[in-house]
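A closer look at the structure
So you can see what is in the structure, the chains are spelled out below.
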Amino acid sequence: LATPTFLQLYMRGCSPEDFGSLRVVMTGAEKLPDRLAAAFEERFGIRPLEGYGCTECSPAVAVNTHDFRSAGFRQVGTKRGKIGHPLAGVSVRIVHPDTRAPQPMGQPGLMLVRGPNVMQGYLGKPEKTAEVLHDGWYTTGDIAAIDEDGFLQITDRLSRFSKIGGEMVPHIKVEERLHELTGATEQTFVVAGVPDEKKGERLIVLHKLPDARLPEVLEKLSQTDLPNLWKPRADQFFRVESFPLLGTGK
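I will try to describe carefully the structure that is included in this document. A quick note: this is a predicted structure, and the numbers were derived from the prediction, not measured.

A word on unusual backbone geometry
A cis amide bond links S58 to the next residue, P59, at an omega of -10°. By the secondary structure assignment, P59 is in the loop between β2 (49-53) and β3 (60-63). One non-glycine residue, S58, lies in the positive phi region at around 75°. Residue position: S58 is located in the loop between β2 and β3. Note on S58: relative accessible area 54%, which makes it exposed. The backbone of R100 shows a phi angle near 65°, a positive value even though the residue is not glycine.

Considerations on the nonpolar core
Core analysis: the biggest nonpolar cluster contains 17 residues, and C57, V61, M111, V113, V118, Y138 and L152 have the highest contact counts within it. At the level of elements, β3, β8 (109-114) and β10 (137-146) are the ones that each hand at least two residues to this core. If we skip the residues at most four places from it in the chain, C57 touches V113, N117, V118 and Y138. Among the nonpolar cores identified, the runner-up in size contains 16 residues, and F189, V191, L214 and V217 belong to it.

Structural notes on the sheet that holds β3
In any sheet, the strands associate via hydrogen bonds between backbone groups, in a parallel or an antiparallel arrangement. Spatially, β1-β2-β3-β6 is the arrangement adopted by the four strands of the open sheet, whose pairing is mixed. Single-partner strands in this sheet number two, and they are β1 (26-27) and β6 (85-86). Looking at chain direction, β3 and β6 are connected through two bridges and run antiparallel. Each bridged residue has a counterpart across the sheet, and for A62 the counterpart in β6 is P86.

With respect to the pattern of salt bridges
Side-chain pairs of opposite charge can arise where the charged atoms are in close proximity. Throughout the structure, instances matching the rule amount to 16 salt bridges. With a shortest N-O distance of 2.7 Å, R47 and D34 are connected by a salt bridge. Linking R47 in the loop between α2 (34-44) and β2 with D34 in helix α2, this pair joins segments that are 13 residues apart in sequence. Several salt bridges share partner residues, and in doing so they unite K79, K82, D147 and D149 into one network.

Re α2
Within an α-helix, residues lying three or four positions from one another point in the same direction, as the helix has 3.6 residues per turn. Inspection of α2 places L36, A37, A39, F40 and F44 among the buried residues, and these make up the whole buried set. Along α2, the residues classed as buried sweep out an arc of 165° about the axis, all on the same side.

Focus: the sheet that holds strand β15 (residues 200-207)
Read from one edge of the open sheet, three strands run β14-β15-β16, paired in mixed fashion. Looking along the sheet, the strands with just one partner apiece sit at the ends: β14 (189-196) and β16 (237-239). Adjacent strand axes in the sheet meet at a mean angle of 30°, parallel and antiparallel pairs treated alike. Across eight bridges, β14 lies against β15 in antiparallel orientation. For V191, the partnering residue across the bridge sits in β15 and is V205. Of the strands in this sheet, β14, β15 and β16 touch helix α4 (residues 171-182), which is tilted by about 135° from β14.

What to know about the environment of V205
Inspection of the secondary structure puts V205 in strand β15. For V205, a relative accessible area of 0% puts it in the buried group. V205 sits 202 residues away from T3 along the chain, and the two C-alpha atoms are 23 Å apart. Sequence-distant contacts of V205, defined by excluding residues within four places in its chain, comprise L178, F189, V190, V191, P232, Q236, F237 and F238.

So, the environment of K208
Along the polypeptide, K208 turns up in the loop between β15 and α5 (214-223). According to the relative accessible area criterion, K208 is partly exposed, its value standing at 29%. C-alpha of K208 to C-alpha of E241: the two residues are 33 residues apart in sequence and 6.0 Å apart in space. Here the side chain of K208 touches Q187 through a polar contact of 3.5 Å, landing on its backbone oxygen.

What counts and how
Residues numbered from 1 in each chain as written. Predicted model: local features only at pLDDT ≥ 70, side-chain atom pairs only at ≥ 80, totals over all residues. Heavy atoms only, no water. Helix = DSSP H or I, 4+ residues; strand = E, 2+ residues; numbered from the N terminus. Buried < 20%, exposed > 50% of the residue type's maximum accessible area, 1.4 Å probe, protein only. Core = buried A, V, L, I, M, F, W, Y, C linked by side-chain atoms within 4.5 Å. Contact = heavy atoms within 4.5 Å. Pairing = 2+ DSSP bridges. Salt bridge = Lys/Arg side-chain N within 4 Å of Asp/Glu carboxyl O. Arc of directions from axis to C-beta. Axes fitted to C-alpha atoms, helices over the stretch in contact; angles between N-to-C directions. Polar contact = N/O pair within 3.5 Å; in protein donor to acceptor, adjacent residues only side chain to side chain.

This is the structure:
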């Protein structure tokens, strides 16, 4: 069990022989970029599986597993870009963030979780508990979708949107595109929203790119099919030496 951040450290500091006995590698705590999973598999010969959970759910909610095979039967256990199926005994519901009405299959919405793994509440904080627990359902704050095979996919974090000119702009989608344009396997960009007098908010980008590489990325970004509102302005890119990390590597 690891985080994507730790996988990057292993790729830099470990040899393939160090992981020669491993059969399963699973990540959590943050999204597993496909580019990182592919690079890890190429180096160590094992494809990382992605899981999902949160402290309030003890912590696992959903995981990818290996496929199950028997004579004349095969059950798919993993899909790339998905966080897998809910654990046994855990129920997941995808609802509209405002109305809480169930979303159609494949349509992103707010993810709720119910099961014996869900906490009873925050100790000594009834108001905070009431904000996230409703009829036994825990509000994760994550935007997710469920496909026809029951696989879940996290598409964004509700708190990681900016409202620009009346439109909701997802930070994670912009970050993913920037990483694709550079081919980076390490976290190189972080998108955030700041107040803007004209449009309510605007996007800024913190990055660790060498200054010489930034013009190339900006040129590619201008030519992508992202909506114009989703494209941060060139003067809103700011270089930093590092990003702060939690002890878990998140």
